[in-house]
Amino acid sequence: QVQLVESGGGLVLPGGSLRLSCAASTNILGVNTMGWYRQAPGKQRELVAAITSGGKTNYADSVLGRFTISRDNAKNTVYLQMNSLKPEDAAVYYCNARSASDKYYGRSGSWGQGTQVTVSS
């Protein structure tokens, strides 16, 4: 499995920005989909954004136009640029790596340990 380490979380004012990073232990070229999920207290983990090896992206409706996911295959890193943050964006953000094999067998893939994002005045 791929080891994933997230960073970049923290406390930000509403309307502010943060950039999350997810560093992978192996080459992510072969990883079918890299994604960011989040989980707020008392809520289920939800997909925020994902990007395929071909660069195709998809976003949750709630973050569309505010968040941008990108990947740097040379650095084995995936980023989530978060702008115009709202209090409801506060959550633990998790990085996910899912291979084609994971998808075929219905596995969730590899997860990072999460990074806390707090949006508060």
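Since the structure is predicted, the reported quantities are computational estimates derived from the model, not experimental observations.

**Here we look at the pairing of strand S5 (residues 46-52)**
Here strand S4 (residues 33-39) pairs with S5 via 6 bridges, running antiparallel. Paired with Tyr-37 across the two strands is Leu-47, which belongs to S5. In this structure, S5 lies alongside strand S6 (residues 57-59), joined through 3 bridges in antiparallel fashion. Considered in S6, the bridge of Ala-50 is made with Asn-58. Following S5, the chain reverses through 4 residues before pairing antiparallel with S6; Gly-55 in that reversal takes a positive phi of roughly 95 degrees.

**Let's talk about the sheet that holds strand S1 (residues 4-7)**
Strand order in the open sheet formed by 4 strands is S1-S3-S8-S7, with antiparallel pairing between adjacent strands. Lying at the two open borders of the sheet, with one neighbouring strand each, are S1 and strand S7 (67-72). In this sheet, neighbouring strand axes are inclined to one another by 15 degrees on average, regardless of whether the strands run parallel or antiparallel. Of the strand pairs in this sheet, S7 and strand S8 (residues 77-82) are connected by 6 bridges, and their pairing is antiparallel. Pairing of Ser-70 across the sheet is with Tyr-79, part of S8.

**Some thoughts on the side chain of Arg-66**
Position of Arg-66 among the secondary structure elements: in the loop between S6 and S7. Relative accessible area serves as the criterion here: at 10%, Arg-66 is assigned to the buried category. Here the side chain of Arg-66 touches Ser-62 through a polar contact of 2.8 Å, landing on its backbone oxygen. Here Arg-66 is in contact with Gln-81, Met-82, Asn-83, Ser-84, Leu-85, Lys-86 and Asp-89, once residues within four sequence places are set aside.

**Some words on the side chain of Arg-71**
Along the chain, Arg-71 turns up in strand S7. Lacking a salt bridge, the buried Arg-71 has Asp-72 as its closest oppositely charged neighbour, with an N-O distance of 8.7 Å. Within the structure, Arg-71 has its side chain in polar contact with the backbone oxygen of Ile-51 (distance 3.4 Å).

The rules behind these values
- Residues numbered from 1 in each chain as written.
- Predicted model: local features only at pLDDT ≥ 70, side-chain atom pairs only at ≥ 80, totals over all residues.
- Heavy atoms only, no water.
- Pairing = 2+ DSSP bridges.
- Helix = DSSP H or I, 4+ residues; strand = E, 2+ residues; numbered from the N terminus.
- Axes fitted to C-alpha atoms, helices over the stretch in contact; angles between N-to-C directions.
- Buried < 20%, exposed > 50% of the residue type's maximum accessible area, 1.4 Å probe, protein only.
- Polar contact = N/O pair within 3.5 Å; in protein donor to acceptor, adjacent residues only side chain to side chain.
- Contact = heavy atoms within 4.5 Å.
- Lys, Arg positive; Asp, Glu negative; His and termini not counted.
- Salt bridge = Lys/Arg side-chain N within 4 Å of Asp/Glu carboxyl O.

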